[in-house]
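# Geometric and topological summary
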Amino acid sequence: MLRHPLVRRILPDLHAEAARSTEMRAIDDRVAQARRERAEDLLDRWVRRGELPKNLDRNLALDLLVAPQYWRMVVRGVTPTYAELERQSRAIVAGLTA
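Our subject in this report is the structure included herewith. Once a new chain begins, its residue numbering starts again from 1 and follows that chain's sequence as written. Note on the predicted model: pLDDT of at least 70 is required for a residue's local features to be given, and 80 or more for side-chain atom pairs to be given and counted; whole-chain, interface and lining totals, by contrast, use all residues. Hydrogens are left out, water is left out, and the side-chain values use all remaining heavy atoms of the structure.

### Quick look at the packing of helix α2 (residues 22-48) against helix α3 (residues 58-75)
- Inter-axis angles, ranging from 0 to 180 degrees, are taken between N-to-C directions of lines fitted to C-alpha atoms, where helices are fitted over the stretch in contact. Secondary structure counts use DSSP, requiring at least four H or I residues in a row for a helix and at least two E residues in a row for a strand, with both numbered from the N terminus. One way to put it is that α2 packs onto α3 with a least axis distance of 10 Å and a crossing angle of 110°. Here α2 lies roughly perpendicular to α3, going by the angle between them. Relative to α3, the crossing made by α2 is right-handed. Between α2 and α3, the residues in contact are Arg36, Ala39, Glu40, Leu43, Asp44, Trp46 and Val47 and Arg58, Asn59, Ala61, Leu62, Asp63 and Leu65, respectively.
- Each residue is assigned to one of three groups, with Ala, Val, Leu, Ile, Met, Phe, Trp, Tyr, Cys and Pro labelled nonpolar, Asp, Glu, Lys and Arg labelled charged, and all others, Gly among them, labelled polar. Split into classes, the residues belonging to the contact of α2 with α3 amount to seven nonpolar, one polar and five charged. Angle categories: roughly parallel below 35 degrees, roughly antiparallel above 145, roughly perpendicular from 65 to 115, and oblique for all the rest. In this scheme the handedness of a crossing depends on how the near helix is turned from the far one: anticlockwise by less than a right angle means left-handed, clockwise means right-handed. It only takes one pair of heavy atoms within 4.5 Å for two residues to be counted as in contact.

### So, the pattern of salt bridges
- Criterion for a salt bridge: a side-chain nitrogen of Lys or Arg within 4 Å of a carboxyl oxygen of Asp or Glu. As enumerated under the stated definition, the model contains eight salt bridges in all.
- Arg20 is the salt-bridge partner of Glu17, the closest N and O atoms lying 3.0 Å from each other. In this pair, Glu17 and Arg20 both sit in helix α1 (residues 5-20), three residues apart, roughly one turn of the helix.
- Partly exposed describes any residue whose relative accessible area lies between the buried limit of under 20% and the exposed limit of over 50%, with all areas from a 1.4 Å probe on protein chains only and scaled to the type maximum. The exposure class assigned to Glu17 is partly exposed, which follows from its relative accessible area of 32%.
- The shortest N-O distance in the salt bridge between Arg49 and Glu51 comes to 3.0 Å.

### Quick look at α2
- The length a helix should cover is 1.5 Å for every residue beyond the first. With 27 residues, α2 extends 38 Å from end C-alpha to end C-alpha; this agrees with the ideal 39 Å at 1.5 Å per step.
- Listing the buried residues of α2 in full gives Met24, Asp28, Ala39, Leu43 and Val47.
- For α2, the secondary structure elements touched by its buried residues are α1 and α3.

### Let's talk about the environment of Ser89
- With respect to the helices and strands, Ser89 occurs in helix α4 (residues 82-97).
- With 20 residues separating them along the chain, Ser89 and Gln69 place their C-alpha atoms 9.6 Å apart.

### Topic: a nonpolar patch on the surface
- Candidate patch residues must exceed 30% relative accessible area and have no salt bridge, after which like charges are joined if within 9 Å and Val, Leu, Ile, Met, Phe, Trp or Tyr side chains if within 5 Å. For accessible areas, the Shrake-Rupley method is used with a probe of radius 1.4 Å. Any residue's cover is judged against the shown protein chains and nothing else. On the surface, a cluster of nonpolar side chains totalling about 240 Å² of accessible area is made up of Leu6, Ile10 and Leu14.
- Mapped onto the fold, Leu14 is located in helix α1.
- The partly exposed category is assigned to Leu14, whose relative accessible area is 36%.

### Let's talk about α1
- The largest bend in α1 comes to about 30°, at Leu11, with the proline Pro12 one to four residues further on.
- The set of residues buried in α1 consists of Arg8, Leu11 and Ala18. Throughout, the bend at a residue refers to the angle made by two axes, fitted to the seven residues ending there and to the seven starting there.

This is how it looks when you write it as structure tokens:
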């Protein structure tokens, strides 16, 4: 989703509006919750396979799965290559297993 140029341009405005509007905050929270629930399934699989620790801080993990990509792509306007995304993913997993 973040690779689409239009999405990258409007996301900062949507988040800014959510800071001012309780209605927009509620919408933003619903979207984020749905995304986090799907990501929970990924975390569960990684924990079952032993790739992440069982005592994983799930809220931190859920934030870290998307925050670096959001920062680079939306805030900095950089479109990473698939190799860069893979390297970033390994760094995130390494941090979560530390």
